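# A closer look at the structure
Next come the chains, spelled out residue by residue.
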Amino acid sequence: MELEQRPEIEALMAERRTFPPDPAFAAQANAQAGLYEEAERDFEGFWARLARERLAWDQDFHTTLEWNLPFAKWFVGGKLNIAYNCIDRHVENGLGDKVAYHWIGEPGDTRTITYRDLQREVSKAANALKELGIGTGDRVAIYMPMIPELPIAMLACARLGATHTVVFGGFSSEALAGRITDAGAKLVITADGGWRRGKPAELKPAVDHALRETPTVDNVLVVRRLGEHANIEMVPKRDHWWHEIVDRQSEDCPPVPVDSEHPLYLLYTSGTTAKPKGILHTTAGYLLGAGYTHEMVFDLKPDDVYWCAADIGWVTGHSYIVYGPLANAATGIMYEGTPDSPTWDRWWQIIEDYKVNILYCAPTAIRAFMKQGEQYPAAHDLTSLRVLGSVGEPINPEAWLWYHEHIGNSRTPIVDTWWQTETGMILITPLPGVTTTKPGSATFAFPGIAADVVDANGEAVPLGGGGYLVLKRPWPAMLRGIWGDPDRYRATYWGRFPGMYFAGDGAKRDADGYLWLLGRVDDVMNVSGHRLSTIEVESALVDNRAVAEAAVVGKNDPITGQSIFAFVILRGGQVGSEDLARVLRDHVARVIGPIAKPKYLMFVPDLPKTRSGKIMRRLLRDVAEGRPLGDVTTLADAGVVDVIRSNTGKTEE
Ligand code: WT7
């Protein structure tokens, strides 16, 4: 792991303008500056107070935190149910008719789902799960498009204390099979398919394919979304239509109280090996963290319309489309489609139509909108917007300023929120109405969170210095482990700097103490806010018969943040060509999913390696980005890079 001097960092920090909170906004803001101090004085007391105020408990907890480094238990002794907290209590509090989701389907169909609707649908779905043999502690895999049955399925699991694992619909059947097997799922919930840019896209065939190698699955529950537009097979006894089995269930399904530390979900994410990790999140601390940050960071008000434009298949959707907003009885938008279909103003039309107050999206989307031009947002009334959020990757000042000016009308605060699948909740962010922002900086740790930047020895760097981002104390929504692999959990997150959680990100603190996230310092890439491992893509390439060896790096990309650049050594007798490059890209799509296809693929005769045989990705990154080479003294054969550089076998998709 190497901390690099990346040239873009200076450019990132060159923007010197600051944006103090607007006094009128500050006067009405949910967050107050005093929160930082309260949380620092007694951070356990801070979270305990919030847990008692914000969650409905079936049984109070007796211990706020049991910290057996690196294993945390929060709110020990407590019992509660997440579906009850996210739905039933709101209905009991007179909010049954409040809209939980305005769902917007890709071909233009819409559905409005109130909290009462959610209570009924989740109860029926949970009863159906029971009929299919699912109970507390079982694992359920969910592989679905962005349709209302997706959060309904998640909440139905939570109602029973079953643990869900949502697999993003863009992952391949092989990736799905790997996750089902690792989780030991008994049931898969899916759909015949979904809509993508005006066209039907089937999902169920990928499930059928995956299930050929997953003996733990007994049943498949299938939502009909495409209907006559799909041509799928239903396997007798194993496959059940949602509308047949769910619709006939009772609307009454008592929520099952579970322990605070009961496993709520697993979400697989890429690390520095070929095998994705099942990140485990549990019940009480997770819900508290997601809900509280959602209310504070977005300054959520009771009548707001909130839109997180992520896919529920990623953690952003889990925490900020499902659990956080529903814990707060928020009204959210759920959109099935893409930003460019039918035209590039689709989002702005939705914001105008639904009078959206809060928008949360990724810098990749903002940069894509920038490229299309401000005429698209300018044609719509966006004055309902009050807070804008950014997540998933560093936001460059240029994109920040464009977002501020053209979407926020130079008026709304922007919250650049740093967090991870592992952290479960936003950890570094401005608080709107409190924090003076700097474009490109995620500013400060959330109240109660101890973030720091350390050098290679784990010593805090002085203001102005760069290093590794660490967290020095546990937080309620933190991952509780990697499914089935406590040693890997300890080694990955707590092994690099003793006693500290190592996030895998580089960071810098400026003279004013602001945090600037600099991207991953390990072998993890971030493509359009999607997290991918270089080694995962390499092993997918080597899995093809034509390939002898492969090395993959993330290349800076003006739109997607990073793009995948693969260097490929072919087996003897194979000749590089555009056709073979296409075959290899398709192969990667089949093994992992289309998001992992290398944008650049170069056939090379050799790879730069150290004398101990380790591929020097740093040099490959220099080549990919057309930079002068860094230090080559540790190379076993210094001539290799020149050969690669003079290579003409680069293909681009
Ligand atoms: C990685 C985590 C957070 C949910 C979506 C991604 C990068 C995330 C920011 C930000 C700079 C960011 C980090 C992190 N990242 N947010 N605001 N500024 N970088 O979750 O897939 O687990 O990826 O995304 O590198 O480690 P994830």
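Right, let's walk through the structure included here. (Residues numbered from 1 in each chain as written. Predicted model: local features only at pLDDT ≥ 70, side-chain atom pairs only at ≥ 80, totals over all residues. Heavy atoms only, no water.)

Another aspect to go through is the sheet that holds strand β14 (residues 263-269). The strands making up a sheet are joined through hydrogen bonds of the backbone, oriented either antiparallel or parallel. Strand order in this open sheet of eight strands is β12-β11-β8-β6-β7-β14-β15-β23, and the pairing throughout is mixed. Edge positions in the sheet fall to β12 (239-241) and β23 (481-482), since each has one partner strand and no second. The sheet contact formed by strand β6 (residues 139-143) and strand β8 (residues 187-191) spans four bridges and is parallel. If you follow Y143 over to β8, its bridge partner there is T190. (Pairing = 2+ DSSP bridges. Helix = DSSP H or I, 4+ residues; strand = E, 2+ residues; numbered from the N terminus.)

Of the consecutive residues L69 and P70, the connecting peptide bond is found in the cis state with omega at 5°. Looking along the chain, the bond that leaves S341 and enters P342 is cis, with omega of 0°. In this structure, P342 sits in the loop between β17 (331-335) and α13 (346-354). Here N409, not a glycine, exhibits a phi torsion of approximately 55°, which is positive.

Moving on to the site of the ligand. In the region of the ligand, 17 residues are neighbours, and D416, T417, T421, D505 and R531 sit closest. One of the backbone nitrogen or oxygen atoms of P394 is found 3.5 Å away from a nitrogen atom of the ligand. Burial of the ligand by the surrounding chains reaches 97%, relative to a free accessible area of 550 Å². Going through the elements one at a time, α12 (315-327), β20 (414-417) and β25 (515-520) are the ones with two or more residues in the shell around the ligand. Taken together, the residues that form the shell around the ligand break down as six nonpolar, six polar and five charged. (Near = heavy atom within 4 Å. Polar contact = N/O pair within 3.5 Å; in protein donor to acceptor, adjacent residues only side chain to side chain. Areas by Shrake-Rupley, 256 points an atom, 1.4 Å probe, with all protein chains shown as cover. Nonpolar A, V, L, I, M, F, W, Y, C, P; charged D, E, K, R; others polar.)

Let us look at the environment of K609. Counting through the fold element by element, K609 comes out in the loop between β30 (600-603) and α20 (617-624). You can call K609 partly exposed: its relative accessible area is 23%. Here the alpha-carbon distance between K609 and W402, two residues 207 residues apart in the chain, equals 42 Å. In this structure K609 touches E549, K614, I615, M616, T634, L635 and A636, once residues within four positions along its chain are discounted. Here the side chain of K609 touches E549 through a polar contact of 2.7 Å, side chain to side chain. (Buried < 20%, exposed > 50% of the residue type's maximum accessible area, 1.4 Å probe, protein only. Contact = heavy atoms within 4.5 Å.)

Turning next to the layout of surface pockets. A volume near 330 Å³ is recorded for the second largest pocket. As for the second largest pocket, its lining consists of 15 residues, of which E174, A175, A274, K275 and P276 are closest to the centre. Counting residues per element, the lining of the second largest pocket draws most heavily on helix α8 (residues 173-183), at six residues. Tallied by class, the residues present in the lining of the second largest pocket amount to seven nonpolar, three polar and five charged. (1 Å grid on protein atoms, 1.4 Å probe; cavity = no way out; pocket = protein on both sides within 12 Å on 5 of 7 lines; lining within 4 Å. Points joined across faces, edges and corners; volume = space filled by probe spheres on them.)

This part takes up the pattern of salt bridges. For the structure on display, the rule yields 45 salt bridges. Measuring nitrogen to oxygen at the nearest pair gives 3.2 Å for the salt bridge that ties R111 to E149. Remark: E149 occurs in helix α7 (residues 149-160) and R111 occurs in strand β5 (residues 110-114); sequence separation between them is 38 residues. Of the residues examined, E149 reaches a relative accessible area of 11% and is grouped as buried. (Salt bridge = Lys/Arg side-chain N within 4 Å of Asp/Glu carboxyl O.)

Once that is clear, we can look at the nonpolar core. By size, the foremost hydrophobic cluster in this structure holds 122 residues, and its most contacted members are W47, L118, I189 and Y323. L203, V217, V568 and V588 belong to the second largest nonpolar core, which has 48 residues in total. (Core = buried A, V, L, I, M, F, W, Y, C linked by side-chain atoms within 4.5 Å.)

Turning next to the packing of aromatic side chains. To describe a pair of aromatic rings, you give the distance between the ring centres and the angle between the ring planes. Here the structure, examined in full by the defined rule, presents 39 aromatic pairs. Relative to F502, the ring of F497 has its centre 5.5 Å away and its plane inclined at 85°; by these criteria the two rings are edge-to-face. Each member of the aromatic cluster is reached from another via a ring pair, and the members are W67, F71, W475, Y489, Y493, W494 and Y501. Here the guanidinium or amino end of R179 rests over the ring plane of F171, the centre of that ring lying 4.4 Å away. Of note, K555 hangs over the ring of Y600, and the distance from its end group to the ring centre comes to 5.2 Å. (Phe/Tyr/Trp six-rings, centres within 6.5 Å; stacked < 30°, edge-to-face > 60°. Lys NZ or Arg CZ within 6 Å of the ring centre and 35° of its normal.)

The interhelical angle for the contact between helix α6 (residues 115-131) and α7, taken along N-to-C directions, is 65°, at an axis separation of 8 Å. The pairing of α6 with α7 is recorded here as roughly perpendicular in orientation. Considering only the axes of α6 and α7, their crossing is right-handed. Taken together, the residues of α7 that come into contact with α6 (itself represented by L118, E121, V122, S123, A125, A126, L129 and K130) are I152, L155, A156, C157, R159 and L160. Considered class by class, the residues forming the contact of α6 with α7 number ten nonpolar, one polar and three charged. (Axes fitted to C-alpha atoms, helices over the stretch in contact; angles between N-to-C directions. Parallel < 35°, antiparallel > 145°, perpendicular 65-115°, else oblique. Left-handed = near helix turned anticlockwise from the far one by under 90°.)

Take the pairing of strand β18 (residues 358-361) next. Residue alternation in β18 divides its side chains into two sets, I358 and Y360 and L359 and C361, and both sets are buried. Inspection of the sheet shows strand β16 (residues 305-308) paired to β18 by three bridges, in the parallel sense. The partner of W307 across the bridge, within β18, is L359.

With that settled, the discussion passes to the side chain of T214. Here T214 shows up in the loop between α9 (204-210) and β11 (219-223). The class for T214 is buried, based on a relative accessible area of 4%. Ignoring anything within four residues of it in the chain, the contact list for T214 reads A177, I180 and T181.

Read these as layout, nothing more, since geometry by itself doesn't imply function.
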